[in-house]
Amino acid sequence: MLTSLRARMKLARTLLQTPRIVGVGLAASIVGVGGLGVAGCFVEGEGLPPPVEGLYYPTGLAVSPGGRVLYVANSDFDLQFNGGTVQALDLQRLRRRALTLQSALAPGGPNASAGVRGACGSVGLATNAAPSLYPGPCGPLDISALEGDDEVVRSSAVIGAFASNLLLVHRPLSGEGADPGAERQARLFVPVRGDPSVTFFDVADDRSDAGAQRCEGDACFQLDCGASAAGGRCSRDHRIGEDPGRELIRRKLPLEPFGIAAGPGGTSIVVSHQTENAASVIVNRWEATERPQLAHVLTDLAYGPTELAAVPRPSVLGALQQGGWAIDDQPAFALTYLAAPELGLLRYQDAASGGAPRLNESTPTPITALASGTDSRGIAFDASERKACEDGCADDADVVACLERCVEIPIPVYVAHRGPNSLLIGELTTTLVKRDSGDPAAKRASVFYSIAFHDAAVLGAYPSRIEVGEVIDLEGARRRRIFALAFDSGLAFSYDPEARRLDPPIKTGRGPQALAFDTGSTCGDEKERCDCEQGSAGCEPYSLMYIAHFTDSYLGVVNLDMRKTNTFGTMILTVGTPVPPRESQ
């Protein structure tokens with residue numbers, strides 16, 4: 001057991017950020033000690049309950065597809081409380097404030113004559129008195145003090161300490177794997193290192209797909225994890241891998257669950273385990289009587305498995321299956337490593353393929369584009385070009401042939417790398433193999449994946465998380481960007497894949513840890529996201545980026561609209577009152 005708060009916090013930070021490493025042995029030693037020490041010091045139920053109305057060392061963010069909810073995972077990093085929290089924030093109310101402030105700050109805005117003070121006053125904020133602690137023109141929005149129609153934290157629940165991530169998945173409403181008569185469902189999965197477990201929540205589905213009714217009102221902020229009361233602690237039944245007697249395999253979840261990604265339809269959830277050199281898979285059946293269960297643990301991976309991303313699955317497989325073809329498909333997941341110069345590729349074999357559900361390791365991709373090749377972090381695929389091609393096949397006379405042509409489009413892949421600090425740029429190639437012997441009953445199809453890196457863009461010190469987002473250009477159109485956070489530098493980087501260049505870096509506060517995007521079009525004074533045609537009356541495109549600041553426990557809102565020239569690429573709103581860590585106060 002660690003004896004001092006300072007030592008415990010240092011090891012916990014090591015555990016959370018898996019910092020710079022100088023060798024395989026040292027990395028394994030540092031991270032391993034942190035894992036055992038920190039997890040061993042967390043005892044559920046002892047100490048004060050965590051603050052459910054404020055933020056406390058946030059580590060995960062997710063935006064609901066309908067734009068109603070911003071989910072936040074808080075980690076209780078310094079063990080001041082008896083657990084962390086998951087919160088459902090009212091994104092519409094946050095969006096209304098952010099966009100109102102954005103307009104007020106613009107030259108010629110409604111409060112232009114009053115300057116920054118007037119712009120901040122338009123949303124009830126003072127000017128920023130501590131710009132060195134948190135950037136932006138205005139003081140923080142104290143979400144713990146908001147009530148009634150201004151309330152932002154709409155629901156919350158208590159989890160274990162050291163949440164590392166957050167994943168939101170939805171039951172398919174259409175296409176392959178969808179059940180037309182099934183109810184709408186969504187779930188949150190949170191890797192919790194203090195238990196260790198993956199805690200899951202049944203949450204509301206706010207998608208606005210044609211023919212389906214999305215949630216309304218308070219129902220949109222549901223956080224069902226078996227807690228006995230609102231804001232209470234999640235039950236053991238919602239902690240996957242903590243009780244081996246209830247799992248598909250009689251084994252507990254390995255230590256240090258960190259990265260997390262979902263396969264097609266959200267039925268397979270893969271989790272990386274940093275100190276165990278392992279990955280686990282959770283089977284997420286959508287039937288009401290089935291709870292997600294740990295299904296398999298793959299061991300003996302390379303040193304330091306970290307972040308995961310699901311490999312985009314081509315739509316042609318579903319079309320072929322509807323045409324009577326048997327599909328030999330194993331969903332794939334790309335995996336980065338701290339201390340191995342390679343990118344892993346894992347394949348999930350479900351029970352329908354014969355035998356028990358399991359993970360298998362395919363041939364990894366060596367990272368040779370840089371001198372070192374070790375210490376990779378975040379990873380993201382950008383399948384937008386292929387998806388646009390597949391969406392265009394709906395009107396083609398031969399849909400299957402059109403979808404087969406789309407498979408040939410390579411998918412860009414991006415990796416945050418620290419040896420040296422850079423954004424690795426590569427391509428995923430998908431090969432469709434069809435076996436047709438002339439017997440309709442023997443037609444089979446499968447896909448194979450390969451990844452190669454060919455370029456790199458220099459980033460600032462120690463990039464970590466990566467996400468694909470969109471900015472609004474000067475004409476009001478959406479443009480893709482690859483965003484990378486640098487925890488140590490207090491910066492966010494934006495890479496333009498079309499121009500193949502970096503935009504000016506975005507200054508964040510201390511310890512940017514997670515990011516999420518609220519991008520779409522609004523109509524009406526309430527700034528609710530809606531489906532409308534650009535240029536139609538009242539239809540206004542927007543794009544905002546939310547950044548979770550771990551060190552000082554708040555969220556920053558960044559303007560991603562180029563038309564607002566004076567605030568583009570800057571933080572315009574601070575959500576939650578920044579609180580420095582205790583040992584720095």
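Residues numbered from 1 in each chain as written. Predicted model: local features only at pLDDT ≥ 70, side-chain atom pairs only at ≥ 80, totals over all residues. Heavy atoms only, no water.

**Some points on the state of the cysteines**
Scanning the entire structure with this criterion turns up seven disulfides. Note on cysteine connectivity: Cys120 is disulfide-linked to Cys138, with sulfurs 2.0 Å apart. Between Cys120 and Cys138 the sulfur-sulfur dihedral comes to about -90°; the bridge is accordingly left-handed. Of this pair, Cys120 sits in helix H4 (residues 115-121) while Cys138 sits in the loop between H4 and strand S4 (153-159), and the two are 18 residues apart along the sequence. The pair Cys120 / Cys138 is uniform in exposure class, with both members buried. Disulfide partner of Cys225: Cys234, at an S-S distance of 2.2 Å. (Disulfide = S-S within 2.5 Å. Helix = DSSP H or I, 4+ residues; strand = E, 2+ residues; numbered from the N terminus. Buried < 20%, exposed > 50% of the residue type's maximum accessible area, 1.4 Å probe, protein only.)

**A look at the confidence of the model for the protein**
With 88% of its residues at a pLDDT of at least 70, the protein reaches an overall mean of 88. Ignoring residues within four places in sequence, the model shows residues 1-41, a span with pLDDT below 50, making 76 contacts including any to other chains. (pLDDT = per-residue confidence, 0-100. Contact = heavy atoms within 4.5 Å.)

**Focus: the sheet that holds strand S18 (residues 358-366)**
Taken in spatial order, the four strands make up an open sheet running S14-S16-S17-S18, and their pairing is antiparallel. In the strand order of this sheet, the two ends are held by strand S14 (305-310) and S18, each with one partner. The average undirected angle you get between the axes of adjacent strands in this sheet is 30°. Where strand S16 (residues 332-337) meets strand S17 (residues 342-349), four bridges bridge the pair, whose relative direction is antiparallel. (Pairing = 2+ DSSP bridges. Axes fitted to C-alpha atoms, helices over the stretch in contact; angles between N-to-C directions.)

**Observations regarding helix H3 (residues 91-105)**
Its 15 residues place the ends of H3 21 Å apart at the C-alpha level, agreeing with the 21 Å of an ideal helix rising 1.5 Å per residue. The element H3 is largely enclosed, with a buried count of 13 among its 15 residues. By the N-cap criterion, in which a side-chain oxygen at the helix start approaches the backbone nitrogen of a residue two or three places on, H3 is capped by Asp90, the distance to Gln92 being 3.2 Å. (Expected span 1.5 Å × (residues − 1). Polar contact = N/O pair within 3.5 Å; in protein donor to acceptor, adjacent residues only side chain to side chain.)

**Details of the packing of aromatic side chains**
Taken as a whole and judged by the stated rule, the model has 10 aromatic pairs. On the numbers, 6.2 Å between centres and 65° between planes, the contact of Tyr134 with Tyr554 is edge-to-face. Of this pair, Tyr134 sits in the loop between H4 and S4 while Tyr554 is found in strand S31 (residues 554-559), placing the two residues 420 residues apart along the sequence. The same class applies to Tyr134 and to Tyr554, which are both buried. (Phe/Tyr/Trp six-rings, centres within 6.5 Å; stacked < 30°, edge-to-face > 60°.)

**Some words on the nonpolar core**
Soluble globular proteins tend to bury their nonpolar side chains together. One finds Leu61, Leu70 and Leu555 to be the most contacted residues of the largest nonpolar core, which totals 34 residues. Broken down by secondary-structure element, the contributors of at least two residues to this core are strand S1 (58-63), strand S2 (69-74), H3, H4, strand S28 (512-523), strand S30 (540-549), S31 and strand S32 (571-575). Here this core gets seven residues from one element, more than from any other, and that element is H3. Counting residues in each nonpolar core, the second largest holds 31 residues, with Val316, Ile379, Cys393 and Val447 among its members. (Core = buried A, V, L, I, M, F, W, Y, C linked by side-chain atoms within 4.5 Å.)

**Considering the pairing of S14**
Counting buried positions over the six residues of S14 gives five, a clear majority of the element. Pairing of S14 with S16 involves four bridges; the strand directions are antiparallel. Considered in S16, the bridge of Pro305 is made with Tyr337.

**Thoughts on the sheet that holds strand S12 (residues 278-283)**
Within the open sheet, the four strands sit side by side as S10-S11-S12-S13. Their pairing is antiparallel. Edge strands, defined here as strands with exactly one partner in the open sheet, are strand S10 (257-262) and strand S13 (293-298). Shown here is a sheet whose adjacent strand axes are inclined to one another by a mean of 25°, direction ignored. Relative to S12, strand S11 (residues 268-273) is paired through six bridges, and the arrangement is antiparallel. Counted as the bridge partner of Ile269 is Ile282 from S12.

**So, the environment of Val316**
Structurally, Val316 can be placed in helix H5 (residues 316-322). For Val316, a relative accessible area of 0% gives the class buried. In the structure, Val316 is positioned 83 residues away from Val399 in sequence and 8.7 Å away in space, judged by C-alpha atoms. Apart from the residues within four sequence positions on either side, Val316 is in contact with Val400, Leu403, Glu404, Val407 and Leu432.

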